[in-house]
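# Summary of the model geometry
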Amino acid sequence: MTKFKNIKNLGALAGKRVLLRADLNVPMKVNEDGERVVTDDTRILSVAPTIKALSEKGARVIVLSHFGRPQGQRDMSLSLEPLGQPLANATKLPVSYIDDCIGDEVVEVIDALEDGAVLLLENVRFYKEETRNDPEFSAALARNADFFVNDAFSCCHRAHASTVGVAEILPSAAGLALEKELVALESALGNPAHPLAALVGGAKVSTKLDVLTHLVEKVDHLIIGGGMANTFLAAQGVDVGASLCEHDLAETAKKIMNNAAANDCVIHLPTDVVVAKEFAANAENRTISVNDVAEDEMILDVGPESAANVSAELENCKTLIWNGPMGAFEIEPFDAATVTVAKKAGELTEKGTLVSVAGGGDTVAALNHAGVAAQFSHISTAGGAFLEWMEGKRLPGVEVLLADHLFKSTY
Ligand code: AMP
């Protein structure tokens, strides 16, 4: 991670204009008064320390974000204006707002800001040029500032003007949250302590093919759970009855298993499962060997014997990367294996024998459900960016922050 500049490396910031890319695309709802209010402020809280740090250094902090998908149109139902107050609450700083993100008026307002002040710009995706990474638009964004700081890991898999274009023009650095995220990810997959295990669960193999393909070359243990385990079991000739299963991916599953063997990666599939005839909370169920699934039964969770085996394996591991639940964790009692393994991973992390990194929407919900999110070494709230990182892809918003790209501008 020494390759990345952080905000300290930007030097003295008093009086400087810093354009900060945040991800303020947070869940919101319309209340009885017709106002849009934030329902989950996780992302606001995650960028607050960077805003405060920049402001304390005397920088004028100009916050830039997208919200939703306005398709390059000015859609005020996706305005960032209602985010000003939550941002002020989280930072304990006054936050002003301007209804655009580029142009002479925006530059004038920024020039008139006091040192340490915070200004929220309007939704960058109101311009279609943003997602096209248009060079003129990037230059217009760059006119707002002396420095660029990216603190939005969840947007780093997109080469947009506000993540890549502007970073190619201004001297740039990672914000505190992005830096923390990159250090955690590096310790989990870039330069991990071995043995390294990956737990991949969730509904379907098809959505995580690239993840599985990449991981078998990197990890010592690949633990497969959730609906996707059914596809692997079926490929081995197991009758999975009425379970969610992608039979057409049998050959792909076999190829992944062969690649794993060639790379000394041990694949762990369930040996026992919990089955039911309906996908419903507290549906009548039984715990059986994977070989005993009846025609009309669905596998909805990994069984207790398999969950115990996974837990025992984690005792021997030094690093765990986790994406996707072990079963249909939203409906009881099919959350049992996810909760058992999550608790074990949390316990080993607290004990100091395991580095645990988890990410992806459902995974965060599953770990919160198990009550262990705070025990994990790092939990990424980024969805697409986390998965692309697990696929071994280079993330353009991170690549552009590499030292080589920095301070080469004419500023
Ligand atoms: P993903 O978004 O791919 O991580 O999938 C998460 C979803 O997979 C959750 O909604 C789970 O309920 C679902 N899931 C996990 N295991 C199973 C299973 N055995 N059968 C059906 N759905 C499952």
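Residues numbered from 1 in each chain as written. Predicted model: local features only at pLDDT ≥ 70, side-chain atom pairs only at ≥ 80, totals over all residues. Heavy atoms only, no water.

## Quick look at the sheet that holds strand 16 (residues 355–359)
Quick note on the threshold: We treat two strands as partners when DSSP finds at least two bridges between them. For the purposes of this entry, the term helix denotes a DSSP run of H or I that reaches at least four residues, the term strand denotes a run of E that reaches at least two, and both are numbered from the N terminus. Inter-axis angles, ranging from 0 to 180 degrees, are taken between N-to-C directions of lines fitted to C-alpha atoms, where helices are fitted over the stretch in contact.
Read across the open sheet, the six strands follow the order 11-10-9-15-16-17; overall the sheet is parallel. Two strands in the sheet have a free side with no partner beyond their single neighbour: strand 11 (266–268) and strand 17 (378–380). Put simply, the sheet's adjacent strands are angled 15° from each other on average, direction ignored. Sheet topology note: the strand 9 (residues 196–200)/strand 10 (residues 221–224) ladder contains four bridges and is parallel.

## A look at a negative patch on the surface
Selection criterion: A patch is a set of surface residues, each over 30% in relative accessible area and not in a salt bridge, joined within 9 Å for like charges and within 5 Å for the nonpolar side chains Val, Leu, Ile, Met, Phe, Trp and Tyr. Each accessible area is a Shrake-Rupley result for a 1.4 Å probe, and residues are judged covered by the shown protein chains and nothing else. Definition used for salt bridges: Asp or Glu carboxyl oxygen within 4 Å of a side-chain nitrogen of Lys or Arg. We treat Lys and Arg as the positive residues and Asp and Glu as the negative residues; His and chain ends play no part in the count. Note that the charge is assigned to NZ on lysines, CZ on arginines, CG on aspartates and CD on glutamates.
A surface patch of negative charge is lined by E81, D99, E105 and E108. In this fold, E105 is placed in helix 3 (residues 104–111).

## Overview of the layout of surface pockets
Put simply, the rule is: The rule is simple: put a 1 Å grid over the protein atoms alone, call a set of points where a 1.4 Å probe fits but cannot get out a cavity, call an open set with protein on both sides within 12 Å along at least five of seven lines a pocket, and count a residue as lining if it has an atom within 4 Å of a point. Grid points are joined across faces, edges and corners, and a volume is the space filled by probe spheres set on the points.
Within this model, the largest pocket holds a volume of roughly 580 Å³. Around the largest pocket, the lining is made up of 19 residues, and of these E186, G190, W389, R394 and E399 lie nearest the centre. Put simply, the parts of the chain that give the lining of the largest pocket at least two residues each are helix 6 (176–190) and helix 14 (396–399). Counting residues per element, the lining of the largest pocket draws most heavily on helix 6, at five residues.

## Digging into the domain arrangement of the protein chain
The cut-off we apply is this: Residue ranges for the domains originate in an automatic or database domain assignment.
Domain assignment breaks the protein chain into domain 1 (7–178 + 394–403) and domain 2 (192–380). Using only C-alpha atoms to locate each centre, domain 1 and domain 2 end up separated by 37 Å.

## Topic: the sheet that holds strand 5 (residues 95–97)
Spatially, six strands are ordered 5-6-4-1-7-8 in an open sheet, and the strand pairing comes out parallel. Edge positions in the sheet fall to strand 5 and strand 8 (172–174), since each of these pairs with one other strand and no more. Here the average twist between neighbouring strands, direction ignored, is 25°. Relative to strand 6 (residues 118–120), strand 5 runs parallel, the two being bridged by three bridges. Across the sheet, S96 pairs through a bridge with L119, a residue of strand 6.

## Points about the pairing of strand 15 (residues 319–323)
Put simply, the rule reads: For each residue, the accessible area found with a 1.4 Å probe, counting protein chains only, is set against the maximum for its type, and the residue is called buried under 20%, exposed over 50%, and partly exposed in between.
Across the five residues that make up strand 15, a large majority, five, are buried. By the alternation rule, side chains of strand 15 split into T319, I321 and N323 and L320 and W322, which are all buried. Both strand 9 and strand 15 contribute to a ladder of five bridges, which runs parallel. Residue pairing for strand 15: L199 is matched across the bridge by W322. Where strand 15 lies against strand 16, four bridges are found, and the strand directions are parallel. Residue pairing for strand 16: W322 is matched across the bridge by A358.

## Brief notes about the nonpolar core
Here is the rule: As used here, the term nonpolar core means buried Ala, Val, Leu, Ile, Met, Phe, Trp, Tyr and Cys residues forming a set that is joined through side-chain atoms within 4.5 Å. Every residue pair with non-hydrogen atoms within 4.5 Å of one another is taken to be in contact.
Grouped together as the largest cluster of nonpolar side chains are 77 residues, with contacts concentrated most on L19, L121, L141, L215, L222, F232 and W389. In terms of domain composition, this core takes at least three residues from each of domain 1 (7–178 + 394–403) and domain 2 (192–380). Filtering out sequence-adjacent residues up to four positions away, L215 remains in contact with L189, A198, V200, L222 and M390. The next biggest cluster of nonpolar side chains, apart from the first, holds 31 residues, and it includes L13, L24, L83 and A173.

## With respect to the pairing of strand 7 (residues 147–150)
Note the following rule: A clockwise course of the path from the first strand over the helix to the second, judged with the strands pointing away from the viewer, identifies a crossover as right-handed.
Side chains F147 and V149 project from strand 7 onto one buried face, and the interleaved F148 and N150 project onto a second face that is buried too. Pairing analysis gives four bridges linking strand 1 (residues 17–21) to strand 7, with the strands arranged parallel. Its bridge partner being in strand 7, L19 is matched across the sheet by F148. Bridge count for strand 7 against strand 8 is three bridges, and the pairing is parallel. Bridge pairing in strand 8 places F148 opposite S172. Since strand 7 and strand 8 lie parallel, the crossover through helix 5 (residues 161–169) that links them has a hand, and here it is right-handed.

## What about helix 10 (residues 304–316)?
To be explicit about the condition: Take the number of residues in a helix, subtract one, and multiply by 1.5 Å to get its expected span. It is the directions from the helix axis to the C-beta atoms that the arc portrays.
The end-to-end C-alpha distance of helix 10 is 19 Å, a good match for the 18 Å that 13 residues give at a rise of 1.5 Å each. Among all positions of helix 10, only S306, A307, V310, S311 and L314 are buried. Within helix 10, the buried residues cover an arc of 140° as seen down the axis, which keeps them to one side.

## What about the packing of aromatic side chains?
Test applied: Pairing of aromatic rings covers Phe, Tyr and the six-membered ring of Trp, with a centre-to-centre limit of 6.5 Å; geometry is then stacked below 30 degrees between planes, edge-to-face above 60, and tilted otherwise. A ring has a charge above it when a Lys NZ or an Arg CZ is no more than 6 Å from the ring centre and no more than 35 degrees off the ring normal.
This model, assessed by the stated rule, comprises three aromatic pairs. Look at W322 and F376: their rings are 6.3 Å apart centre to centre, the planes differ by 55°, and that puts the pair in the tilted class. With W322 in strand 15 and F376 in the loop between helix 12 (361–370) and strand 17, the pair connects residues that are 54 residues apart, well separated along the chain. Residue W322 shares its accessibility class with F376, and that shared class is buried. Ring centres of F386 and W389 lie 5.2 Å apart, and the angle between their planes is 50°; on these two criteria the pair is classed as tilted. Linking F386 with W389, this pair stays in helix 13 (residues 384–390), spanning three residues, or about one helical turn. The pair formed by F386 and W389 is uniform in burial state, with each residue classed as buried. The ring of F67 carries R36 above its face, with NZ or CZ at 5.0 Å from the centroid.

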